[in-house]
Amino acid sequence: MVHHTISKSSTSAPSASSRIRIMRRALRLFCAAAIVGMLASCAVKQPAPPPPTTYPTESAPPTGDVADSAPLGPALQRARSRWVPVRWSELPGFEQDAMHEAWNAWVKNCERPGATFARLCSEVRRLTLATPQEQRNWMRARLQPYRVEPLGAPSEGLLTSYFEPFYEASRLPRPGFGAPLYRPPPTLGQRKPWYTRQEMEMLPEARAQLAGQEIAYLADPVDALILQIQGSGRVRVTEPDGSQRLVRLAFAATNDQPYRSPGKWLIDQGLLRGDVTWPGIRNTLAANPGRLSEFLWSNPRMVFFREEPLSALDAQFGPRGAQGVPLTPGRSIAVDPHSIPYGTPVWMASQGPVANLQRLVIAQDTGTAIVGAVRADYFAGWGAEAGDFAGRMKQPLRLWVLWPKP
């Protein structure tokens with residue numbers, strides 16, 4: 001930079017040519033400074049981040065597909081049901097459901113989602129902490145509801161319920177604990193069907209093949225029957241040294257005998273009227289103790305178990321259903337897989353004397369009695385309260401499957 005000094009004693013003004021030279025130098029310096037400033041600015045400025053992937057929020061009303069205005073496609077047909085496309089507004093209670101409860105079951109569902117729903121699982125996981133309205137709007141954008149109907153004449157759907165029993169048990173037989181639960185005997189596959197429940201108690205050859213297969217003993221043979229009918233349960237086992245372990249007894253096999261309802265047997269015998277629940281059955285047996293063995297033998301089917309450890313995390317969920325993922329209380333249902341595939345989110349509506357249920361559930365299990373288009377068994381959880389609920393549940397049912405849009 002060139003400094004120009006003017007003598008304090010000088011009184012004459014610069015010439016025109018000098019002023020022009022000074023202005024040109026100043027202009028060159030200004031341009032140079034501007035270029036340097038622009039280069040410095042470019043060196044430190046970061047590129048703008050891409051906009052995040054978002055879905056309509058509570059403050060933004062749904063638009064487009066989320067507004068439920070897209071044309072409805074054709075009905076779809078399964079082996080035992082017909083799916084009729086409907087508007088989201090047809091689903092009763094959709095705006096009121098506690099979506100975060102269902103989302104836990106949906107995330108579990110993504111452990112084995114199947115090809116149809118696998119492509120949605122990354123979004124399902126990302127929406128775990130979203131608001132219920134964001135989750136609902138995502139469902140509107142990604143899924144199409146279909147009303148499930150039977151293929152033949154219209155018929156009323158049926159909702160029942162099941163649960164995971166929870167009992168105290170002893171590893172060894174002792175006073176007060178004499179009802180055994182068995183592993184599959186080694187000879188199970190050599191004879192089909194295997195021995196009936198009565199034969200397993202009465203025939204020496206059957207008892208010999210069961211010797212050593214006892215997992216644990218319950219206090220009440222009716223509890224053992226309930227656990228076998230439910231197909232799995234959790235028990236707190238007292239070991240020979242007095243220590244206790246919480247374990248799950250999971251379904252392993254059956255004796256291939258048919259299931260027959262012990263409750264119906266009591267009705268046919270004229271011993272029970274009206275209250276066909278487990279509390280009602282227990283009261284009847286207490287009044288007729290001499291008929292207990294006949295009652296147990298009326299169901300020839302026997303279920304064998306395998307023992308599984310039950311961690312604190314595993315204890316928050318139920319047993320694994322037919323889909324292969326742990327069941328979530330109040331959000332998992334058993335269905336007929338010929339009507340609704342495993343892993344399908346389903347909107348369920350049932351109103352009756354036991355409960356008013358309008359909620360999102362996931363089809364994750366099945367059962368021998370769960371047959372037909374609009375048929376579901378609702379997993380209530382575990383323990384005595386869930387057992388009481390499941391024992392009383394028998395109500396009309398409506399179902400809507402929520403299927404991915406193309």
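Residues numbered from 1 in each chain as written. Predicted model: local features only at pLDDT ≥ 70, side-chain atom pairs only at ≥ 80, totals over all residues. Heavy atoms only, no water.

Peer 1: Explain the overall build of the chain here, please?
Peer 2: Check the secondary structure of the chain and you find 12 helices and 15 strands. For the chain, the proportion of its 406 residues judged to be buried stands at 45%. Excluding contacts between residues fewer than 6 apart, the proportion of contacts in the chain whose partners are at least 24 apart in sequence is 78%. When the accessible area of the chain is evaluated, it comes to approximately 21400 Å², of which 56% is carbon and sulfur surface. (Helix = DSSP H or I, 4+ residues; strand = E, 2+ residues; numbered from the N terminus. Buried < 20%, exposed > 50% of the residue type's maximum accessible area, 1.4 Å probe, protein only. Contact = heavy atoms within 4.5 Å. Areas by Shrake-Rupley, 256 points an atom, 1.4 Å probe, with all protein chains shown as cover.)

Peer 1: Explain the environment of G391 here, please?
Peer 2: Within the secondary structure, G391 sits in helix 12 (residues 384-392). The class for G391 is partly exposed, based on a relative accessible area of 26%. When near neighbours in sequence (up to four residues on either side) are disregarded, G391 contacts V276 and T277.

Peer 1: I keep staring at the pattern of salt bridges and nothing clicks. Help me out?
Peer 2: A side chain of one charge can pair with a side chain of the opposite charge if their charged atoms are brought near each other. The full count for this structure, using the stated rule, is 24 salt bridges. Taking the shortest distance from any N to any O, the salt bridge between D220 and R282 comes out at 3.1 Å. Note that D220 is positioned in the loop between strand 7 (214-218) and helix 8 (221-230) and R282 in helix 10 (residues 278-287), a separation of 62 residues in sequence. Using a relative accessible area of 24% as the deciding quantity, one classes D220 as partly exposed. Between R245 and E307 there is a salt bridge, with its nearest N and O atoms 3.3 Å apart. Linking R245 in strand 9 (residues 244-254) with E307 in strand 10 (residues 303-309), this pair joins segments that are 62 residues apart in sequence. (Salt bridge = Lys/Arg side-chain N within 4 Å of Asp/Glu carboxyl O.)

Peer 1: I keep staring at the side chain of E239 and nothing clicks. Help me out?
Peer 2: In this structure, E239 sits in the loop between strand 8 (233-238) and strand 9. Given the relative accessible area of 14%, E239 is considered buried. Contacts of E239, omitting those with residues within four sequence positions, involve R171 and R245.

Peer 1: Sorry, what's going on with helix 2 (residues 99-109) here?
Peer 2: For an α-helix, 3.6 residues make a turn, and residues three or four places apart therefore share a direction. Looking at helix 2, one finds that the buried residues are M99, A102, W103, A105, W106, K108 and N109. Those residues of helix 2 that are buried are in contact with helix 4 (121-126), helix 5 (132-142), strand 3 (143-149), strand 12 (345-351) and strand 13 (356-365).

Peer 1: Would you take a moment to explain the pairing of strand 8 for this structure?
Peer 2: Within a regular strand, side chains alternate between the sheet's two faces. Among the 6 residues that make up strand 8, 5 are buried, leaving the element largely enclosed by the rest of the structure. Of the pairings in the sheet, the one linking strand 5 (residues 166-170) to strand 8 comprises 5 bridges and is parallel in character. Across the sheet, the residue bridging to Y167 is V235, located in strand 8. One ladder, built from 6 bridges, connects strand 8 with strand 9; its direction is antiparallel. From the neighbouring strand, V235 faces strand 9, where its bridge partner is V247. Hairpin connection, strand 8 to strand 9: the antiparallel pair is bridged by 5 residues, and G242 has positive phi, about 95°. (Pairing = 2+ DSSP bridges.)

Peer 1: Whenever I open this one, the packing of aromatic side chains confuses me. Can you help?
Peer 2: Two numbers describe a pair of aromatic rings. These are the distance of the centres and the angle of the planes. Enumeration according to the criterion identifies 12 aromatic pairs in this entry. Ring centres 5.3 Å apart and planes at 90° place the aromatic pair F117 and W403 in the edge-to-face group. Linking F117 in helix 3 (residues 114-118) with W403 in strand 15 (residues 394-404), this pair joins segments that are 286 residues apart in sequence. Accessibility classification places F117 together with W403 in one group, the buried group. One aromatic cluster in this structure is built from W83, F117, Y146 and W403. The aromatic ring of Y195 is capped on one face by R191, whose charged end is 3.9 Å from the ring centroid. (Phe/Tyr/Trp six-rings, centres within 6.5 Å; stacked < 30°, edge-to-face > 60°. Lys NZ or Arg CZ within 6 Å of the ring centre and 35° of its normal.)

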